[in-house]
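Here are the chains, one letter per residue:
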Amino acid sequence: MVKVTRKGEEIRQFLLNNIEEHPKNIVHFTSNKFNISRQAVNKHIKLLITQNAIISNGTTNNRIYSLSILQLQDKIYDLK
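Every chain's residues receive numbers from 1 upward, in the order its sequence appears when written. Thresholds applied to this predicted model are a pLDDT of at least 70 for local features of residues and 80 or more for the giving and counting of side-chain atom pairs; totals over whole chains, interfaces and linings are not thresholded and use all residues. Hydrogens and water molecules were not included; the side-chain quantities draw on all heavy atoms of the structure.

Novice: Honestly, the pairing of strand S2 (residues 64-67) in this entry has me stumped. Any pointers?
Specialist: Consecutive side chains of a regular strand alternate in pointing toward one face of the sheet and then the other. Paired strands are those between which DSSP finds at least two bridges. For the purposes of this entry, the term helix denotes a DSSP run of H or I that reaches at least four residues, the term strand denotes a run of E that reaches at least two, and both are numbered from the N terminus. By the bridge criterion, four bridges tie strand S1 (residues 54-57) to S2 in an arrangement that is antiparallel. Within S2, the position partnered with Ile54 by the bridge is Leu67. The hairpin turn running from S1 into S2, its antiparallel successor, is six residues long, and Gly58 in that turn takes a positive phi close to 95°.

Listed below in structure tokens is the structure:
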């Protein structure tokens with residue numbers, strides 16, 4: 001079972017690393033890279049969405065994926 005987990009982690013890391021360059025076709029791109037089905041890629045994408053790592057906009061064929069902003073902070077520093 002360890003091999004399956006490592007493969008899944010590798011797929012999810014690939015998704016995170018490539019989603020900005022392929023926001024519209026990341027499922028197809030990942031499916032071809034790992035020789036897995038679109039449904040398998042979508043399972044990994046759903047997991048990343050529930051972990052708030054990525055977000056999706058649009059529906060079905062017009063869906064676009066992007067990385068989530070995990071934390072946004074504004075700070076003001078005194079420059080004395």
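Structure shown, so let's carry the discussion forward.
Novice: Explain helix H2 (residues 26-34) here, please?
Specialist: Along an α-helix, residues three or four positions apart point the same way, because every turn accommodates 3.6 residues. Relative accessibility thresholds used throughout: buried, under 20% of the residue-type maximum; exposed, over 50%; partly exposed, between the two (1.4 Å probe, protein chains only). Listed in full, the buried residues belonging to H2 are Ile26, Val27, Thr30, Ser31 and Phe34. Axial view of H2: buried residues confined to an arc of 130°, hence all on one face. Exposed positions of H2 whose direction lies more than 90 degrees from the buried face are Asn32 and Lys33. Positioned one or two residues after H2, Asn35 has a phi angle of 55°, which is positive. The arc in question is the one traced by the directions running from the helix axis out to the C-beta atoms.

Novice: Looking at this model, I keep getting lost on the side chain of Thr30. Mind explaining?
Specialist: Relative to the assigned elements, Thr30 resides in helix H2. The buried category is assigned to Thr30, whose relative accessible area is 0%. Definition of a polar contact: a pair of N or O atoms within 3.5 Å, with one able to donate and the other able to accept a hydrogen when the atoms are protein atoms, and with sequence-neighbouring residues admitted only if both atoms are side-chain atoms. A polar atom in the side chain of Thr30 sits 2.8 Å from the backbone oxygen of Ile26.

Novice: Please explain the packing of aromatic side chains as it appears in this structure.
Specialist: Geometry of an aromatic ring pair is reported as the spacing of the ring centres plus the angle between the planes. In this analysis, rings of Phe, Tyr and Trp, with Trp reduced to its six-membered ring, are considered paired at centre separations within 6.5 Å, and the interplanar angle assigns stacked below 30 degrees, edge-to-face beyond 60, and tilted for intermediate values. Applying the stated criterion to the full structure yields two aromatic pairs. Between the aromatic rings of Phe14 and Phe29, the centroid separation amounts to 5.5 Å while the plane-to-plane angle is 20°, which identifies the pairing as stacked. Of the two residues, Phe14 sits in helix H1 (residues 2-18) while Phe29 sits in helix H2, which places them 15 residues apart along the sequence. On the basis of relative accessible area, Phe14 is assigned to the buried category, the value being 13%. A residue is classified by how much of its surface remains accessible, and Phe29, at 29% relative accessible area, is partly exposed. Note on Phe14 and Phe34: the rings are 5.3 Å apart at their centroids and 85° apart in plane angle, and the pair reads as edge-to-face. You can see Phe14 sitting in helix H1 and its partner Phe34 sitting in helix H2, a full 20 residues away along the chain. Pair check on accessibility: Phe14 and Phe34 agree, each one buried.

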